[in-house]
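Given next are the chains, with one letter for each unit.
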Amino acid sequence: MSKGSKERADKGKFYRLAHDERFKTTLAFVFIGLAVFLIVAFVSYLFTWKADQSMAEFSRVSDQHSSHADNWMGKLGAWTAFKLITNGFGLASFFIPLIFLVLGFRLLKVKLLPLLWTLRTSLIGLALLSLILGFVSGNAGGFLGSGLGGAHGKVMSDWFVLLLGHLGTAILLLLLTFVFLTFTFVGFYSWFKRTSSSVYDSVTKAKLPKLPNTVKPAKSTPAPSMTSVHSVAPLEDSREEEDSEDEAENQDEETDLRETAEDGVAFEIVQSHTGNDEPVTETPTTGDEPEQYIMDPLDAMGPYDPTLELSNYQKPPLDLLIDRQSDETSVSPEELGNNKDKIVETLGNYGIQISKIKATPGPTVTLYEIVPAAGVRISKIKNLEDDIALSLSALGIRIIAPMPGKGTIGIEVPNMNPEIVSMRSIVASKRFQDSAMELPIALGKTISNDPFVFDLTKMPHLLVAGATGQGKSVGLNAIIASILYKKHPSQVKLVMVDPKSVEFSSYEKIEHHFLAKIPDSEEAIITDTKKVIYTLNSLCIEMETRYSLLKDAEVRNIKEYNTKFIARRLNPNLGHRFLPYIVLIIDEYADLMMTAGKEIETPIARLAQKARAAGIHLIIATQRPTVSIITGTIKANFPARIAFRVIQQIDSRTILDGSGANQLIGRGDLLFTSGGELTRVQCAFIDTPEIEDITKFINKQQGYLEAFPLPEYSPEDNAEAKEVDLSKKDEYFDEAARLMVAHQQGSTSLIQRKFSIGYNRAGRLMDQLEAAGIVGASEGSKARQVLFTDMASLEQYLNKLTQGNIS
């Protein structure tokens, strides 16, 4: 091996060791333990220094086997304290354990104090305080053997006294102390202000005062391009398709074929999956960091980690969910055989011959796929739906003629002993745990007993409807639980609207983790209709703000934007920030439409049409699926729909644009469509105590200081324009005027980003600037003309405006 290759290999080992979490954790506890040892030894030495001094004066601790040390940390503590305090820096030595303490907690990703500030302050303070204490104590005291400043303080103070005299030394020390305290407290105040100014900007501003133009890639891996980052999703989709094909092959291998001697009809019973996928071992994560980036072991200056502020957050464990899974199948072979015989007999009574039947048992419904004999019309079988239900004495027979993509006709028959699908079995499945979806939703089990998981971001909005008591509320809880089990609080925020005030009350506990609300709202769960209107309009403002950020970042959607931000290619000082997904969940949409009508429908239609790329998704539920509630505008923008059982066929047509929901059996039995074929799913059951346990688990952990703030909205913002009163100027008026002149561009979004205010307030500021004659009138999508060309004339004009000399 060449010398250069060996050096590169050694550097690679060093980097791997520096980034190893086990090594960091071990080193952290070593530093913290050393700090505790020094503090205890130092404090003890203040009381035992006389008794231990003679023993500690020996050069080695082992030289005094028979001596006894009074120090609380034994001989090693007495010897260390003697070397650092008496022979070293005196009482100033307490700065040394502070350095180790801050270093240890920083390696554990806990910021007690700013690291560089601590190192600079401690090292300078160590020397300066020792000198001051040595000068103050002088030759008068023998405390600690060499005075308060230790040997260093005594020697240095004697040298300065000899050089400058007592008065000159005192003046110099006072000057140095003033400079030291000034820089120390200014640096600490700046750090404290950055970290406490905003919950969601604190990490960015504290860690990234200045962003590098490029991110240095590791030598072992080429720097990733945007193309390589974005190509991950198609690759994962192809893997999922391969997995589904493998499952289909395994399912075919598990099919039994049985000949029925009486009628000669081939009968298959598909031994469907039990759904008990091997649960994935839970490993709490705080966010993955790509290995292709080199990180500073102390400041972690690599890819931005949105989970860093709540780095110790743990996702809820599976133990909080009840395992209701039964080991025994809910459908016996005798039941399958009897139903098959009755179907064949009923069809035979009407002269319909079939050649084959295949049965696929599900948790609550069994699908019988029949292959009719040649020449049999499908419509003839479809018309026998009620007759088959009568012969089977079953509730809710549904005939699918033909089965999409198959040359068969499906007859869905409810099981005599339906099975309860537990939420735990779905969340623990590999399909959910290993999912690479942005917002995976674990809804339940399909008719073939497979976990049903879909990506909310691909829908992109969801309409849920069903009669009272048919499982709608349980379905919403299953959707919310899926998000809580899969995502970190920094990655998704929930806006919950509950007009009935009882459905979502359990989620108030996670306000500081997952919920978002408008600034002046006291309740985390929105129940008042007026607040709902304000919140919907606030989400529209957030949507427009996000689109402005996407435009500036030259990306098309939130996924590309966050990928760019994580790679530190967007500057937070220009208003850019990590954008979490926002999911709006409305429990009873019909009640809102009855009380507010167009005030509710209009912003929802705007969000449904445009909010997908901005990362805002809607879930609307109602128990009254009438055309007056689910209007054409809503249906056109909600291609994904979930229909629980309804009483009338017309309600089914309103939800699904066809029949089917009126033939369900209830208790979580549902039909799902995303604009294509219908999928029958048994919704996973999650009870209220389980929701309480999940929210309590999350609530016990560290959260943000407040709920995620949505932009402010005032109802007068949408009123007709009134004459602007310049006597009530915005507090940012003068600064906004200077900003416009500096950029020579009248842009509302520029004001919004610069001052971190809502779109409506920025618009009012722009109206005031126009009324004052600083910018011109609106020119549509073009930026306004700035009427001042230099700062001097602007300042003169602002002074006159303040003094009231301009009408």
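Residues numbered from 1 in each chain as written. Predicted model: local features only at pLDDT ≥ 70, side-chain atom pairs only at ≥ 80, totals over all residues. Heavy atoms only, no water.

Asker: Could you give me a rundown of the overall build of the protein chain, with the residues and numbers involved?
Answerer: Assigned secondary structure in the protein chain consists of 26 helices and 17 strands. Buried residues in the protein chain amount to 47% of all 807 residues. The contacts in the protein chain between residues at least 6 apart in sequence include a share of 69% that link residues at least 24 apart. For the protein chain, the accessible surface area stands at approximately 39,500 Å², while carbon and sulfur atoms represent 55% of it. (Helix = DSSP H or I, 4+ residues; strand = E, 2+ residues; numbered from the N terminus. Buried < 20%, exposed > 50% of the residue type's maximum accessible area, 1.4 Å probe, protein only. Contact = heavy atoms within 4.5 Å. Areas by Shrake-Rupley, 256 points an atom, 1.4 Å probe, with all protein chains shown as cover.)

Asker: Can you explain the packing of helix 16 (residues 529–553) against helix 24 (residues 748–755)? Please cite residues and give values.
Answerer: As a packed pair, helix 16 and helix 24 sit with axes 11 Å apart at the nearest point and diverge in direction by 95°. Between helix 16 and helix 24, the angle is such that the two are roughly perpendicular. Contacts between helix 16 and helix 24 involve Thr 545, Ser 548, Leu 549 and Asp 552 from the first element and Ser 749, Gln 752 and Arg 753 from the second. Residues belonging to the contact of helix 16 with helix 24 are distributed by class as follows: 1 nonpolar, 4 polar and 2 charged. (Axes fitted to C-alpha atoms, helices over the stretch in contact; angles between N-to-C directions. Parallel < 35°, antiparallel > 145°, perpendicular 65-115°, else oblique. Nonpolar A, V, L, I, M, F, W, Y, C, P; charged D, E, K, R; others polar.)

Asker: Quick rundown of the sheet that holds strand 12 (residues 581–586)? Include the residues and the values.
Answerer: Read across the open sheet, the 9 strands follow the order 8-7-16-15-14-9-13-12-10; overall the sheet is mixed. At either margin of the open sheet sits one strand with a lone partner, and together these are strand 8 (451–455) and strand 10 (492–497). Here the average twist between neighbouring strands, direction ignored, is 30°. Examined bridge by bridge, strand 9 (residues 462–465) and strand 14 (residues 640–644) share 4 bridges and lie parallel to one another. Counted as the bridge partner of Ala 465 is Ala 643 from strand 14. Lying over the sheet, helix 15 (residues 472–486) contacts strand 7 (440–446), strand 9, strand 10, strand 12, strand 13 (616–622), strand 14 and strand 16 (679–683), oriented at roughly 130° with respect to strand 7. Here helix 16 sits on the sheet and contacts strand 10, strand 12 and strand 13; the angle it forms with strand 12, its principal contact strand, is near 155°. (Pairing = 2+ DSSP bridges.)

Asker: Describe unusual backbone geometry, with residues and values.
Answerer: For the bond running from Ala 401 to Pro 402, omega is -5°, close enough to zero to count as cis. Here Pro 402 is to be found in the loop between strand 5 (398–400) and strand 6 (409–414). In this structure, Pro 460 follows Met 459 across a cis peptide bond, with omega equal to -5°. For Pro 460, the position within the fold is in the loop between strand 8 and strand 9. Non-glycine residue Arg 568 carries a positive phi angle of around 60°. With respect to the helices and strands, the residue Arg 568 is situated in the loop between helix 17 (558–566) and strand 12. What makes Arg 568 buried here is its relative accessible area of 9%. Residues other than glycine seldom take positive phi values, yet Ser 756 does so here, at roughly 55°. Residue classification places Ser 756 among the exposed positions, given a relative accessible area of 62%.

Asker: Got a sec to walk through the nonpolar core? Specific residues and values, please.
Answerer: Met 423, Leu 462, Leu 494, Tyr 507, Val 583, Ile 619 and Phe 672 are the most contacted members of the largest nonpolar core, which totals 69 residues. When residues of this core are assigned to their parent elements, the largest contribution, 8 residues, is made by helix 15. Apart from the residues within four sequence positions on either side, Met 423 is in contact with Leu 321, Ala 442, Ala 478, Ala 481, Ser 482, Ala 684, Phe 685 and Ile 686. One finds Tyr 534, Leu 539, Ile 541 and Met 593 within the second-largest nonpolar core, a separate group that totals 38 residues. (Core = buried A, V, L, I, M, F, W, Y, C linked by side-chain atoms within 4.5 Å.)

Asker: Tell me what's going on with the packing of aromatic side chains, and back it up with residues and numbers.
Answerer: The tally for this structure, following the rule as stated, stands at 14 aromatic pairs. Arranged with centres 6.5 Å apart and planes meeting at 25°, the rings of Phe 47 and Trp 72 form a pair that is stacked. You can see Phe 47 sitting in helix 2 (residues 21–56) and its partner Trp 72 sitting in the loop between helix 2 and helix 3 (74–89), a full 25 residues away along the chain. Here Phe 47 matches Trp 72 in class, with each residue exposed. Grouped by ring-pair contacts, the aromatic residues Tyr 304, Phe 565 and Phe 578 constitute a single cluster. A cation sits over an aromatic face here: Lys 486 above Phe 432, 5.4 Å from the ring centre. Between Lys 729 and the ring centre of Phe 733, over which it is positioned, the NZ or CZ distance is 5.6 Å. (Phe/Tyr/Trp six-rings, centres within 6.5 Å; stacked < 30°, edge-to-face > 60°. Lys NZ or Arg CZ within 6 Å of the ring centre and 35° of its normal.)

Asker: Give me the packing of helix 10 (residues 333–349) against helix 12 (residues 385–392): which residues, what numbers.
Answerer: Two packed helices can be described by the angle between their axes and the distance between those axes. Relative orientation of the contacting elements helix 10 and helix 12 amounts to 135°, with a least axis distance of 10 Å. As judged from the angle between their axes, helix 10 and helix 12 are oblique. In the crossing of helix 10 with helix 12, the sense of the turn from one axis to the other is right-handed. Together, Asn 339, Lys 342, Ile 343, Thr 346 and Leu 347 of helix 10 and Asp 387, Ile 388, Ser 391 and Leu 392 of helix 12 make up the contact between the two elements. Looking at the contact of helix 10 with helix 12 residue by residue, the class counts come to 4 nonpolar, 3 polar and 2 charged. (Left-handed = near helix turned anticlockwise from the far one by under 90°.)

Asker: Describe a nonpolar patch on the surface, listing the residues and the values that go with them.
Answerer: A grouping of Leu 175, Phe 178, Val 179 and Phe 183 is seen on the molecular surface, where their side chains present a nonpolar patch of about 450 Å² in accessible area. Note that Phe 183 resides in helix 6 (residues 150–196). Overall, Phe 183 belongs to the exposed group, its relative accessible area being 62%. (Patch = residues over 30% accessible without salt bridge, like charges linked within 9 Å, V, L, I, M, F, W, Y side chains within 5 Å. Salt bridge = Lys/Arg side-chain N within 4 Å of Asp/Glu carboxyl O.)

Asker: Explain the pattern of salt bridges residue by residue, including any values.
Answerer: Inspection of the entire model under this criterion finds 30 salt bridges. The closest approach of N and O atoms between Asp 341 and Lys 340, which form a salt bridge, is 3.4 Å. Of the charged contacts in the structure, one is a salt bridge between Lys 598 and Glu 601, with a shortest N-O distance of 3.5 Å. With Lys 598 and Glu 601 both in helix 19 (residues 598–610) and 3 residues apart, this pair spans about one turn of that helix. In this structure Lys 598 comes out as exposed when scored by relative accessible area, which is 59%. You can call Glu 601 buried: its relative accessible area is 7%.

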